[in-house]
Amino acid sequence: MSEILLYYKRPDPTTWVYLSSFLTIGLFFVFHRFWSIRNLDIFLLILLAPGLLMVHEGRRRQLQEIESEVITHRQNEKPPASTNSASADPDHGSGLRKTGLRELVGAGTRNPTQRTRDAAAISSKLGSSGGDVLVALTQAAAADDPVAVTASEEASVRAEAAILAQPTVPLAAESPEVISGADGSLAADSDTDAKSDSDAAASSEIDPEDIRRYGFISLFVVQFMLLIRLLLDPLMVRRPLLDPNLSSGGLTFIGVSLFIFMMANIVASTPRIQIEQGPKLGPGYALMNMLPAIPTRPVTDALAGSTMGDENELDASQSRLATIAKVLAILAHAAIVSGIVLIGNWHFGNMRAGVGCATLYLLMPYTAQMTGRVDHALPAALLLWAVLFYRKPLVAGIFLGLAAGLVYYPFFLLPLWISFYWRRGVWRFTIGVAVMLGLLMMLLSLSGVESLVDHLRTMFGLFKPETKSNILGGIWGLGWNPIWRLPVIVGFVILCSFFAAWPAQKNLGTLIGCSAAVMVGAQFWHGYGGGLYIAWFLPLLLLTIFRPNLQDRIALKVVSDSSSKKRRPVALEVDAA
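Given the structure is predicted, the values throughout are model-derived calculations rather than measurements. Chains are numbered independently. Their residues run from 1 in the order of the written sequence. Under the rules for a predicted model, residues below a pLDDT of 70 receive no local features and side-chain atom pairs below 80 are neither given nor counted, while totals for whole chains, interfaces and linings still include all residues. Side-chain metrics in this entry use all non-hydrogen atoms of the structure; hydrogen atoms and water are not considered.

## Description of the overall build of the chain
For step 1, the next point in the chain: We count a stretch as a helix when DSSP gives it H or I for four or more residues in a row; a strand needs E for two or more, and each element gets its number in order from the N terminus. Each helix and strand in the chain was counted, giving 24 helices and 4 strands.
For step 2, the next point in the chain: Accessibility here uses a 1.4 Å probe with only protein chains present; expressed as a share of the type maximum, an area under 20% marks a residue as buried, one over 50% as exposed, and anything in between as partly exposed. By residue count, 52% of the 577 residues in the chain fall in the buried class.
For step 3, the next point in the chain: Pairs of residues are marked as contacts when any of their non-hydrogen atoms sit within 4.5 Å. For the chain, the proportion of contacts with a sequence separation of at least 24, taken over those separated by at least 6, is 80%.
For step 4, the next point in the chain: The method behind every accessible area is Shrake-Rupley, applied with a 1.4 Å probe, and residues are considered shielded solely by the protein chains displayed. Accessible area of the chain: about 25,800 Å², with a carbon and sulfur share of 63%.

Next comes the structure, spelled out in structure tokens:
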């Protein structure tokens, strides 16, 4: 971006939280009706940001601890000048590779500092090329990343050992400058030495894992309040028109500008920081794991890269997957924004509300922080377009089936949507879901029959819930006993079954609000970063906030009866006779 816009730097997450919060209040707060539900909704949306910041800050401090251990090891233990020491015992390296890594992996420790100290003992025996070290560096970050799915312990140990073994990998602290902010920005030694000491003292007072744990707890508290708000939404019959405080033209200009900058951040992301995403251990589509995450918010300069990475650092297949991930992320966000605007225009009859809702989505700090996560944005876009085509049950079923096949959790929306189409359109909706799931299973069969069964089990979640904290991620891997996921899962299933019968007469408003409630509820038992997948419910939540009274939009009135078209000519002939 700095090559296009002179001296442009991405704002760090904390700065963007302040700016976006002020803009959100100025554009959408109802000042002439202070005690209104709209203002409460705005405050709840803003309260999502502190939890995200704490999770981000905890991760940043953990990565800085890893970097400081690497630098300390290099300064204290310099390699010998003689080159014959490496060849004195040729079998020692392979034996250490087999036994040392096995012991480290078997220990199962999740402390990055401890893993780095252990990896230092075998660092001199694990050689790696420059490109492999850069990939290994990002795999080490992914192992403790609450945003990305947790990598295996063996990959983490190999990555950290490769870092220690490669003195040519550029680290921020080896240069005359040091890291001074959450975004990895640099400052001169004379200005930042004191700040680095104060940051180190502050980080020693509070453990990074505790910061991340408090962040997840904050997210869960706010999301629980949002869940209660969505459950009470069908009871709110009076919905006065509360338009944004800016005209449609002004909102469109702000929204388009934000969209361009966010998509440019995706395009400008360096290839050296690609981190795999998708279901590695949890339920979901296997091919989603092949796509890398595009980190649009740097954490540290060493991991985010102060300079653009060379495309040659990745091989042809990795570069191709990185390009596909960037294209899918951009298309998914474009589908979300356009879907929100079209729903406001077609179904709400209020173009200004649709544009304001889309602009608020782009203003959210979460959207800026997770812009490059395909597993966040793509399911959200599919669910949104299922709502957009709710008048056509077959098309809506195709979109919902695709979303459920990719990330599994939208499967729990089926009781709600089947109940909505129960009096008209249920068979067409069911056929659409079944056809899309069948196509996804056919794609899985291309990888071979032997792995097809495992892929299908993962796609449909046909296994027992994981109860080992060293495998789970997010809050369930930070001290909470995973056994408590079981009652949460039972309560979630009861909630989804309850939506099949309540409300008795479902309209478009209840369909949107209850769908958002189901996706909010899935965050509490999601074992691999639950609470961070805000995009799954955020567009639906915003539509629920901005929607008018939609009690007349029921399936019997808006969904056409296919059998009536065939009977109509016969009825006309009888009337003419």
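## Examining the confidence of the model for the chain
For step 1, the next point in the chain: Per-residue confidence from the prediction method is given by pLDDT, with values spanning 0 to 100. Here the chain averages 76 in pLDDT, while 67% of its residues score no lower than 70.
For step 2, the next point in the chain: Under a pLDDT of 50 for its full length, residues 82–193 has, in the predicted model, 189 contacts with residues more than four places off or in other chains.

## Regarding the packing of aromatic side chains
For step 1, the next point in the chain: Planes of paired rings set the category: under 30 degrees apart is stacked, over 60 is edge-to-face and the rest tilted, where pairs are Phe, Tyr or Trp rings (Trp by its six-membered ring) whose centres lie within 6.5 Å. Here the structure, examined in full by the defined rule, presents 28 aromatic pairs.
For step 2, the next point in the chain: Their ring planes at 35 degrees and their centres at 5.4 Å tell us that Phe-220 and Phe-524 sit as a pair that is tilted. With Phe-220 in helix 9 (residues 208–232) and Phe-524 in the loop between helix 21 (508–522) and helix 22 (538–546), the pair connects residues that are 304 residues apart, well separated along the chain. For the pair shown, Phe-220 and Phe-524 are each scored as buried.
For step 3, the next point in the chain: The structure contains a cluster of three or more aromatic residues connected by ring pairs, namely Tyr-408, Tyr-409, Phe-411, Phe-412, Phe-460, Phe-492, Trp-525, Tyr-533 and Trp-536.

## Here we look at the pattern of salt bridges
For step 1, the next point in the chain: Only one rule defines a salt bridge in this text: a Lys or Arg side-chain nitrogen within 4 Å of an Asp or Glu carboxyl oxygen. Throughout the structure, instances matching the rule amount to 10 salt bridges.
For step 2, the next point in the chain: Linking Arg-229 and Asp-41 is a salt bridge whose minimum nitrogen-to-oxygen distance equals 2.8 Å. Of this pair, Arg-229 sits in helix 9 while Asp-41 sits in helix 2 (residues 37–46), and the two are 188 residues apart along the sequence. The same class applies to Arg-229 as to Asp-41, namely buried.
For step 3, the next point in the chain: Asp-243 is the partner of Arg-352 in a salt bridge, and the nearest nitrogen-oxygen pair spans 3.9 Å. Highlighted residues: Arg-352 in helix 13 (residues 351–363) and Asp-243 in the loop between helix 9 and helix 10 (248–267), separated in sequence by 109 residues.
For step 4, the next point in the chain: By relative accessible area, Arg-352 is classed as partly exposed at 26%.
For step 5, the next point in the chain: Since its relative accessible area comes to 25%, Asp-243 is described here as partly exposed.
For step 6, the next point in the chain: Among the charged side chains, a network of salt bridges with common partners joins Asp-41, Arg-229, Asp-233, Arg-239 and Arg-547.

## A short note on the side chain of Arg-229
For step 1, the next point in the chain: Classification of Arg-229 as buried rests on a relative accessible area of 7%.
For step 2, the next point in the chain: The term polar contact refers here to a pair of N or O atoms within 3.5 Å; inside protein, the definition further demands a hydrogen-donor-capable atom paired with an acceptor-capable atom, and it admits residues adjacent in sequence only when both atoms are side-chain atoms. Among the polar contacts made by the side chain of Arg-229, one reaches the side chain of Asp-41 at a distance of 2.8 Å.
For step 3, the next point in the chain: Every residue in contact with Arg-229, bar those within four places of it in the chain, is listed here: Ile-37, Asp-41, Met-236, Arg-239, Thr-544 and Ile-545.

## Side note on the packing of helix 1 (residues 13–28) against helix 2
For step 1, the next point in the chain: Axes, fitted as lines to C-alpha atoms, cover a helix only where it is in contact. Angles between the N-to-C directions of the axes lie from 0 to 180 degrees. Viewed as axis vectors pointing N to C, helix 1 and helix 2 meet at an angle of 170 degrees, and their least axial separation amounts to 11 Å. Taken together, the axes of helix 1 and helix 2 lie roughly antiparallel to each other. Taking contact as the criterion, the partners of Ser-21, Thr-24, Ile-25 and Phe-28 in helix 1 are, on helix 2, Arg-38, Ile-42 and Ile-46.
For step 2, the next point in the chain: Classification used: nonpolar for Ala, Val, Leu, Ile, Met, Phe, Trp, Tyr, Cys and Pro, charged for Asp, Glu, Lys and Arg, polar for all others including Gly. When grouped by side-chain class, the residues that make up the contact of helix 1 with helix 2 number 4 nonpolar, 2 polar and 1 charged. Here roughly perpendicular refers to angles of 65 to 115 degrees, roughly parallel to angles under 35, roughly antiparallel to angles over 145, and oblique to all remaining angles.

## Concerning helix 13
Count 3.6 residues to each turn of an α-helix, and residues three or four apart come out pointing the same way.
For step 1, the next point in the chain: Take the number of residues in a helix, subtract one, and multiply by 1.5 Å to get its expected span. With 13 residues, helix 13 ought to run about 18 Å at 1.5 Å a step, and its terminal C-alpha atoms sit 18 Å apart, in line with that.
For step 2, the next point in the chain: Burial within helix 13 is extensive, with 11 of its 13 residues counted as buried.
For step 3, the next point in the chain: Burial in helix 13 covers these residues: Ala-353, Gly-354, Val-355, Gly-356, Cys-357, Ala-358, Thr-359, Leu-360, Tyr-361, Leu-362 and Leu-363.
For step 4, the next point in the chain: Two to three positions downstream of the cap, the backbone nitrogen of Arg-352 sits 3.2 Å from a side-chain oxygen, assigning the N-cap of helix 13 to Asn-350.

## A look at the packing of helix 16 (residues 393–407) against helix 18 (residues 426–445)
Packed helices, taken two at a time, are described by the angle between their axes plus the distance between the axes.
For step 1, the next point in the chain: Helix 18 packs onto helix 16 with a crossing angle of 40 degrees between their chain directions and a minimal axis gap of 7 Å. The angle between the axes of helix 16 and helix 18 places the two elements in the oblique class. The two elements helix 16 and helix 18 meet at a crossing, and its hand is right-handed. Residue-level contacts link Pro-393, Leu-394, Ala-396, Gly-397, Ile-398, Leu-400, Gly-401, Leu-402 and Gly-405 of helix 16 to Arg-428, Phe-429, Ile-431, Gly-432, Val-433, Met-436, Leu-437 and Leu-440 of helix 18. Take the far helix as the reference: if the near one is turned anticlockwise from it by less than a right angle, the crossing is left-handed, and if turned clockwise, right-handed.

## Let's talk about unusual backbone geometry
For step 1, the next point in the chain: Pro-503 follows Trp-502 through a cis peptide bond whose omega is -10 degrees.
For step 2, the next point in the chain: Within the secondary structure layout, Pro-503 lies in the loop between helix 20 (485–499) and helix 21.
For step 3, the next point in the chain: In this model, Tyr-408 sits at a positive phi of 70 degrees, which is unusual for a non-glycine residue.
For step 4, the next point in the chain: For Tyr-408, the position within the fold is in the loop between helix 16 and helix 17 (414–420).

## Side note on the environment of Ile-217
For step 1, the next point in the chain: Relative to the helices and strands, Ile-217 is located in helix 9.
For step 2, the next point in the chain: Assessed through its relative accessible area of 30%, Ile-217 is described here as partly exposed.
For step 3, the next point in the chain: Sequence separation between Ile-217 and Gly-531 is 314 residues; the distance between their C-alpha atoms is 8.9 Å.
For step 4, the next point in the chain: Other than its neighbours up to four places away in sequence, Ile-217 contacts Ile-475 and Trp-480.

## With respect to a nonpolar patch on the surface
For step 1, the next point in the chain: A patch is a set of surface residues, each over 30% in relative accessible area and not in a salt bridge, joined within 9 Å for like charges and within 5 Å for the nonpolar side chains Val, Leu, Ile, Met, Phe, Trp and Tyr. A contiguous nonpolar surface patch, about 520 Å² in accessible area, is contributed by Leu-394, Ile-398, Ile-431, Val-435, Leu-439 and Met-442.
For step 2, the next point in the chain: Counting residues per element, the ones that place at least two in the nonpolar patch are helix 16 and helix 18.
For step 3, the next point in the chain: Top element by residues in the nonpolar patch is helix 18. It accounts for 4 residues.
For step 4, the next point in the chain: For Met-442, the position within the fold is in helix 18.

## Observations concerning the environment of Ser-497
For step 1, the next point in the chain: Take Ser-497: it is sitting in helix 20.
For step 2, the next point in the chain: Given a relative accessible area of 45%, Ser-497 falls into the partly exposed group.
For step 3, the next point in the chain: Considering only alpha carbons, one finds Ser-497 and Leu-413, 84 residues apart in sequence, at a separation of 9.5 Å.

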